[in-house]
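Each chain is listed here by its residues.
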Amino acid sequence: MQSPAVRVDTTQTTRKSLNKNAKREIFMIKRQYLFPPKMTTKHLFCAPVFTLLACQAHALECGYDVTNDWGSGFTAGITVTNDGTSAVNNWQVQWQQNGGSAVTSLWNATFSGTNPYTATDAGWNATIAPGSSVSFGFQGEGDDPTAIILSCTADGATSSSSSSSSSSSSSSSSSSSTSSSASSSGSSNTSTAVIQEGEGLCSVEGTIDSNNAGYTGSGFANTENAAGKGIEWSVAAQGGSYQMQWRYANGSSANRPGDVFVNGTLQTSSAFDSTGDWTTWADSSAVSINLADGINTIRLQASSSEGLANIDSLSVTGAAPDAVACNNSSSSSSSSSSSGGPLSTLTVQENTAGFCGVDGSVNNNEAGFTGGGFANTTNAVNTSVDWAVDVTTAGYYDMTLRFANGSGAARSGVLTVTSGASVSYDTTFATTGAWSTWATEIMPIFLNAGKNLITLTATGDSGLANIDYLSLTGSSGLRGVVCPATSATVWLAGDSIVQTYTDTSSSRDQAGWGQMLREQYNTNVTVNNHAIGGRTARRFIEEGRLDTIWSNASTGDYLLLQFGTNDSHRTATYVIDGVTIPYYLDPQTDFKDYLKLYIDGARNRGIHVGLVTPTPRNSAYCTGGNGTGAWAQAMRELADEEGVPLIDLNLKTVTYLTAICPAPIPENFFFLRADGSVDGTHFQENGARILSGFVADGIGEAVLGLDYFRN
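Residues numbered from 1 in each chain as written. Predicted model: local features only at pLDDT ≥ 70, side-chain atom pairs only at ≥ 80, totals over all residues. Heavy atoms only, no water.

**A closer look at the overall build of the chain**
Then comes step 1: The number of helices and strands found in the chain is 7 helices and 47 strands.
Then comes step 2: Here the chain holds 711 residues, and 53% of them are scored as buried.
Then comes step 3: Long-range contacts, defined as pairs at least 24 residues apart, comprise 75% of the intrachain contacts of the chain with a sequence gap of at least 6.
Then comes step 4: Within the structure as shown, the chain displays about 27,800 Å² of accessible surface, and the carbon and sulfur contribution to it stands at 47%. (Helix = DSSP H or I, 4+ residues; strand = E, 2+ residues; numbered from the N terminus. Buried < 20%, exposed > 50% of the residue type's maximum accessible area, 1.4 Å probe, protein only. Contact = heavy atoms within 4.5 Å. Areas by Shrake-Rupley, 256 points an atom, 1.4 Å probe, with all protein chains shown as cover.)

Structure, rendered in structure tokens:
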């Protein structure tokens, strides 16, 4: 399997383009101690101001390395290198993130401070032998991943303040320092980490069993007997070459080989020959792999239909490897999610939630597929398959594409993930020899929290391989969602709470949330606000306003309706064609019946409908008073009964206002009348804008496709 090349769509983001090796921005700071002090052709680090200092026989180098940058966050690492001739101990690095960015988590070091930050050795990596280095990594949030290293010391060395310069979006800094000589001799930091059932073991596509004697730990991993089934581990490393070995039992008569993936890339394979019995255990031959600096996901995957041998433990030997929790990986090269919580897997089959479509057809004429069929693109360049998923937490996820390629040549494609900006990964589907022979392509991809559109596009004239399914493994909270269109049209039905009012230069103008809703979305969304004051769910229909919407709306549009404010008036009336009609609609009967007319009409026309619960009045300040609560509850019940998305604006507003105590003076949420008194029902611009944000939040929570266009 080829390593995916990463491309960032610079038409949608200002971040620097990345390739698979992360095209790193390096910020280097050298400290060299030379005697006699002099200027060198390398760097001006031992300047004449230090002519009276006795320089030592070692040099310390610190490098800052941005490993991934997705716009709102980043991962980076700092490498401390001993360029001298004697060992150094107890290293410490102080650095400052630029542009207000912040570090949120760190590994392979002890972490303190709040910008500037200080990292000290983690104990096991305190000693740096001559010519060796140690590294630690971290994840940050903010749109500027660059930083300045302020000091880089060992054995009590200190450094002066640094200066920085910027070029091509990178920063470099230089500093002078003094250092004492190292007091201890260097020693190798090669060690072996043995991972059994517990921390470091991430998943088994099968079971953890204990029914065959001779295992160590609490059991052994027993995968399902099928090709592609595997086991995953999470290992922290300093980067470089490592040896890997498994303790296993294979009671069958045949070898059960497995492919070894590191961070989604196939690196090698391992044989698991028969041991003669399932209670007879042996060590596999050691294999060499390259681990990235930071946290790595290691996957052993069966390459034959018999599955893997039973695996008792994994041993990793090299520069201070360590088993780490599977859910706290943040490295750009890691395929595990960077969030906390248990791992989960989402598999999206054709014609199920999350499958958006194929430029071709869904077929079932080739054996071996799973689900209801497979996606078969037209044999042409730029044909594609699309999926849409929602994730709770941003981070890296293992993406698996199961495919068949019965042609005689590999078929290449580019996989694009769109959630605001677009990031693309190049991939190749090798020939599988027959269209009924299936294989998997695995790669780590970054998903933003919320909705992500995943598009696989053919880059060759033959189109793509046949795609059986897309699978994602990572942080819990994965789900397939409604697929987005390229644009969206929204129709609003409601009363004065939603209505659009005349806008002047005053921020105190009366406004409805429908008037402000357009601000929540990008330019691909059109909002048609038909709400008008004094309307009930019944009156809006009787005056023909709903018919106007039906005559103009199209399949795939969105209808949001909010009523309940006027429907609660027990004495007010209105007149149509000489007939006096009460405003009041009983929340449990008439109110629900009229709302169902909107729901049924939308469904019959292929229009997405959402119920928006009515806002409370200003009695909600401090007390949580809720004069429209019965009608809000009726809408909640109806949404549940009819399976309709609910945007609970009532609950969000009550919660918001209850927390504000006492009520603000001057009032900045509800509308102020000309005489300065507070209109406790309607809203000024600030209030309407906040409400529109609540509505947009609710649209996202209801997983309506409109949320894809949220700013």
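**Regarding the pattern of salt bridges**
Think of it this way: side chains of opposite charge can pair up when their charged atoms draw near.
Then comes step 1: By the definition in use, this model includes 20 salt bridges.
Then comes step 2: Ionic pairing is found between Lys592 and Glu637, a salt bridge with its closest N-O pair at 2.8 Å. With Lys592 in helix α4 (residues 590-604) and Glu637 in helix α5 (residues 629-642), the pair connects residues that are 45 residues apart, well separated along the chain.
Then comes step 3: Look at Lys592 and you get buried, because its relative accessible area is 8%.
Then comes step 4: Judged by its relative accessible area of 24%, Glu637 is partly exposed.
Then comes step 5: Members of the salt-bridge network, linked through shared partners, are Asp390, Lys451, Arg479 and Asp707. (Salt bridge = Lys/Arg side-chain N within 4 Å of Asp/Glu carboxyl O.)

**Brief notes about the packing of aromatic side chains**
Aromatic rings in a pair are described by how distant their centres are and how their planes are angled relative to each other.
Then comes step 1: Following the criterion strictly, the structure yields 27 aromatic pairs and no others.
Then comes step 2: Centroid distance Trp95 to Tyr117: 5.7 Å. Interplanar angle 35°. Geometry classified as tilted. Note that Trp95 is positioned in strand β5 (residues 92-97) and Tyr117 in strand β8 (residues 117-120), a separation of 22 residues in sequence. Tyr117 shares its class with Trp95; the two are buried.
Then comes step 3: Each ring, one from Tyr621 and one from Phe670, has its centre 5.9 Å from the other, and the planes form 75°; the classification is edge-to-face. Of this pair, Tyr621 sits in the loop between β44 (608-612) and α5 while Phe670 is found in strand β46 (residues 670-672), placing the two residues 49 residues apart along the sequence. Considered together, Tyr621 and Phe670 belong to a single accessibility category, that of buried residues.
Then comes step 4: An aromatic cluster is defined as three or more aromatic residues linked by ring pairs; in this entry it consists of Tyr64, Trp91, Trp95, Phe111, Tyr117, Phe136 and Phe138. (Phe/Tyr/Trp six-rings, centres within 6.5 Å; stacked < 30°, edge-to-face > 60°.)

**Quick notes on the state of the cysteines**
Then comes step 1: Evaluated as defined, the whole model comprises 2 disulfides.
Then comes step 2: Paired by a disulfide, Cys622 and Cys661 hold their sulfur atoms 2.2 Å apart. Because the sign of the S-S torsion sets the handedness, a value of about 110° for the bond joining Cys622 and Cys661 places this disulfide among the right-handed ones. Placement of the pair is Cys622 in the loop between β44 and α5 and Cys661 in the loop between α6 (649-658) and β46, with a sequence separation of 39 residues. (Disulfide = S-S within 2.5 Å.)

**A few points about the sheet that holds strand β45 (residues 646-647)**
Within a sheet, adjacent strands bond to each other through the backbone by hydrogen bonds, running parallel or antiparallel.
Then comes step 1: The 5 strands lie next to each other as β40-β38-β41-β44-β45, forming an open sheet whose pairing is parallel. Across the chains shown, the open sheet's two edge strands, defined by having one partner strand only, are β40 (525-529) and β45.
Then comes step 2: Judged from the 4 bridges that link them, strand β41 (residues 558-562) and β44 form a sheet pairing that is parallel. In the strand pairing of β44, Leu559 is matched with Val609.
Then comes step 3: Across the sheet, α5 touches β41, β44 and β45, and the angle it forms with β44 is around 150°. (Pairing = 2+ DSSP bridges. Axes fitted to C-alpha atoms, helices over the stretch in contact; angles between N-to-C directions.)

**Re unusual backbone geometry**
Then comes step 1: Cis peptide bonds are those with omega within 30 degrees of zero, and the linkage from Asn115 to Pro116 qualifies with 20°.
Then comes step 2: As for its position among the elements, Pro116 is in the loop between β7 (110-113) and β8.
Then comes step 3: The backbone of Asn115 shows a phi angle near 40°, a positive value even though the residue is not glycine.
Then comes step 4: With phi around 50°, Ala320 is a residue other than glycine that occupies positive phi space.

**Quick word on the packing of α4 against α5**
Then comes step 1: At a closest axis distance of 11 Å, the pairing of α4 and α5 adopts a crossing angle of 40°. When the interaxial angle is binned, α4 and α5 end up oblique. The way α4 lies across α5 gives a crossing that is right-handed. Where α4 approaches α5, its residues Phe591, Lys592, Leu595, Lys596, Ile599 and Arg603 are matched on the opposing element by Trp631, Ala634, Met635, Glu637, Leu638, Glu641 and Glu642. (Parallel < 35°, antiparallel > 145°, perpendicular 65-115°, else oblique. Left-handed = near helix turned anticlockwise from the far one by under 90°.)

**Some points on helix α7 (residues 685-701)**
Then comes step 1: The first and last C-alpha atoms of α7 sit 24 Å apart over 17 residues, in line with the 24 Å expected at 1.5 Å per residue.
Then comes step 2: Listing the buried residues of α7 in full gives Glu685, Gly687, Ala688, Leu691, Ser692, Gly693, Phe694, Val695, Ala696, Gly698, Ile699 and Gly700.
Then comes step 3: Directly after α7, the chain includes Val703, whose backbone phi takes a positive value near 60°. (Expected span 1.5 Å × (residues − 1).)

**Thoughts on the sheet that holds strand β47 (residues 678-684)**
Then comes step 1: One open sheet holds the 3 strands; their spatial order is β39-β47-β46, and the pairing between them is antiparallel. Single-partner strands in this sheet number two, and they are β39 (510-511) and β46.
Then comes step 2: Relative to β47, β39 runs antiparallel, the two being bridged by 2 bridges. Looking at β47, one finds that Ala511 is bridged to Phe683.
Then comes step 3: Taken strand by strand, α7 contacts β39 and β47, and its axis lies near 65° from that of β47.

**Description of helix α3 (residues 545-552)**
Then comes step 1: All of the buried residues in α3 are Leu546, Ile549 and Trp550. Each buried residue of α3 sits inside an arc of 100° when the element is viewed along its axis, so together they form one side. Relative to its buried face, α3 has exposed residues pointing more than 90 degrees away, namely Asp547 and Ser551.
Then comes step 2: Looking at the packing, one finds that the buried side of α3 touches β38 (488-494), α2 (537-542), β41 and α4. (Arc of directions from axis to C-beta.)

**Looking at the confidence of the model for the chain**
Then comes step 1: Across the chain, the average pLDDT comes to 80, with 84% of residues at or above 70.
Then comes step 2: In this model residues 327-341 is a low-confidence stretch, pLDDT under 50, and it forms 61 contacts with partners more than four residues away in sequence or in other chains. (pLDDT = per-residue confidence, 0-100.)

**Overview of the side chain of Asp121**
Then comes step 1: As for its placement among the helices and strands, Asp121 is situated in the loop between β8 and β9 (133-141).
Then comes step 2: Excluding its chain neighbours within four sequence positions, the residues that come into contact with Asp121 are Asn90, Trp91, Thr110 and Ala126.

**Details of the pairing of strand β36 (residues 466-475)**
Then comes step 1: In terms of burial, β36 is largely enclosed, as 10 of its 10 residues are buried.
Then comes step 2: When strand β26 (residues 343-349) meets β36, the two strands line up antiparallel, connected through 7 bridges. Each residue of the ladder has a partner; that of Leu343, found in β36, is Ser475.
Then comes step 3: Two strands pair when backbone bridges link them, and strand β31 (residues 395-404) and β36 are joined in this way by 7 bridges, in the antiparallel orientation. Looking across to β36, one finds that Asp398 is bridged to Thr473.

**A few points about the environment of Leu60**
Then comes step 1: Position of Leu60 relative to the elements: it lies in strand β3 (residues 60-69).
Then comes step 2: A relative accessible area of 4% means that Leu60 is categorised as buried.
Then comes step 3: Sequence-wise, Leu60 and Ala154 are 94 residues apart; in three dimensions their C-alpha atoms are separated by 8.1 Å.

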